[in-house]
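Coordinates in review
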Amino acid sequence: MLKKVFVLIIFLLMSRAEAGTWSPELRVGLMSGVKQVTLQVSAPCLMINAAKGSIEQKIPAGGSLIVDFEHLKINAIEIRPEKISLNDLHTTVDGKEYYGGITVNKEKDSLTVINLVPLEEYLRGVVSKEMSPSYPLEALKAQAVAARSFALKNRGRHVKEGYDLCSSTHCQVYIGVTNFDSINRAVDETRGEVLVYKEKLIDTNFHADSGGMTENVSEVWGTATPYLVAVREIVQLAKPWSIKVTTKDFSSRFGENFGNVKSVKLSKLTIGKSANDRTSSGRVKSAQIVGTKKTLTITGNDLRRKFSLPSTLFDMKLEGDEIIFTGYGSGHGVGMSQVGARDYAGNGWSYEKILAHYYSGAKLKKLY
Ligand SMILES: [Zn+2]
């Protein structure tokens, strides 16, 4: 009996240790179209034929491996640790260090290199790029939950290329191994936590700075989502940005001959006040350029794109032969504002409260 209890205790301890370190394994695309890649592992590893599951070769700790398109006879190889968990392995890929192991797929005429990485490790290399590690801990925790939710919601979006997520801005920028205590704490203290709405993972869009009020997603991308609605910021410290464009430049960018630009028509910005030409947060829906030869109505998003404006929360005026944009914030304005999260955290808000503010009606859920 005693022996049985002892075995049970050992089993419970082991399963608790497992539960404490396990997280979903992601396949993150690092590079494609390359002919050769050099890998180096931090601990003893196995090189596995991914199709057959057979061990092709052992690689010692610190060992290097050059994978060359011309000489690779296997369609897909996996480098996984021999004894330790994937969490504890680091693999260097052409000199850059990543968490976890690697898969190399042989395509028609080149190689695709994919990082096999547990989600919680992946997040360390994402949050440290998305937010300054010097931001208050509660802001970093909010970012960690947003990035974790994004990764799981969008897992598999690159399935045709052989991986789950890419490592660039298209998905989330992932820079591999980083070592910031603040980031590690933010990830560890929110371990397994995601945002759900009606029990489904949500789109956790975020942006640099709302400039005073976030935006309804429908105003930016057309489709309404109940948890991505415009909310006001409490802290409004931002100084306006200003960008000048000559009327000549303006005409040439649009490929239009306005003649002489006589005026620009756009109602005055008040943050949080809508108008015919402004959304409920005050962002520009459209503005008119009135020339001697032509008048054109242009959307705020088009103006932002053409002139690399930080946001669509701006005023616009004509002065001589210059059109001057003066505005607030940076980014599309949908979801969490990173500067806002920093300021709320600085005012003593918890990450739960910050997330509830920016993702209306969404709930935190601990998945593991
Ligand atoms: Zn992507």
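Note that the structure is predicted; figures quoted are calculated from it, not measured.

This part takes up the environment of Val41. For Val41, the location among the structural elements is in strand E2 (residues 36–41). Accessibility expressed as a relative area gives 4% for Val41, which makes it buried. C-alpha of Val41 to C-alpha of His90: the two residues are 49 residues apart in sequence and 6.1 Å apart in space. In this view, Val41 contacts Ile59, Pro60, Ala61, Gly62, Gly63, Ile79, Leu89, His90 and Thr91; residues no more than four positions away in its chain are not counted.

Further remarks concern the coordination of the zinc ion. By definition of the ideal shapes, a tetrahedral metal site with four donors has angles of 109.5 degrees and an octahedral site with six donors has angles of 90 or 180 degrees. Surrounding the zinc ion are the protein donor atoms His158 (NE2), Cys166 (SG), His170 (ND1) and Cys171 (SG), which sit 2.0 to 2.3 Å from the metal. Given four donor atoms and angles of 101 to 119° at the metal, the environment of the zinc ion is assigned as tetrahedral. For His170, a relative accessible area of 45% corresponds to the partly exposed category.

Our next topic: the domain arrangement of the protein chain. The domains assigned to the protein chain are domain 1 (25–117), domain 2 (118–208 + 333–368) and domain 3 (241–327). For domain 1 versus domain 2, the distance between C-alpha centres works out to 27 Å. With 20 residues of domain 1 in contact, the opposing surface of domain 2 contributes 20 residues. Interface of domain 1 and domain 2: buried area, both sides summed, is about 1,600 Å²; carbon and sulfur atoms make up 60% of it. It is Leu26, Arg27 and Tyr99 that lose the most area in domain 1 upon contact with domain 2, and together they represent 39% of the buried surface on that side. Linking domain 1 to domain 2 there are zero salt bridges. Applying the counting criterion to the domain 1 and domain 2 interface returns 11 residue pairs in polar contact (both at pLDDT 80 or more). Looking at the side of domain 1 that touches domain 2, the elements with two or more residues in it are strand E1 (25–34), strand E8 (96–99) and strand E10 (111–118).

Rules behind the numbers
Residues numbered from 1 in each chain as written. Predicted model: local features only at pLDDT ≥ 70, side-chain atom pairs only at ≥ 80, totals over all residues. Heavy atoms only, no water. Helix = DSSP H or I, 4+ residues; strand = E, 2+ residues; numbered from the N terminus. Buried < 20%, exposed > 50% of the residue type's maximum accessible area, 1.4 Å probe, protein only. Contact = heavy atoms within 4.5 Å. Donors = N, O, S within 2.8 Å, 3.2 Å for Na, K, Ca; no water. Tetrahedral: all angles 85-135°; square planar, octahedral: opposite > 155°, others 65-115°. Domains from an automatic or database assignment. Buried area = accessible area lost by both parts, 1.4 Å probe. Salt bridge = Lys/Arg side-chain N within 4 Å of Asp/Glu carboxyl O. Polar contact = N/O pair within 3.5 Å; in protein donor to acceptor, adjacent residues only side chain to side chain.

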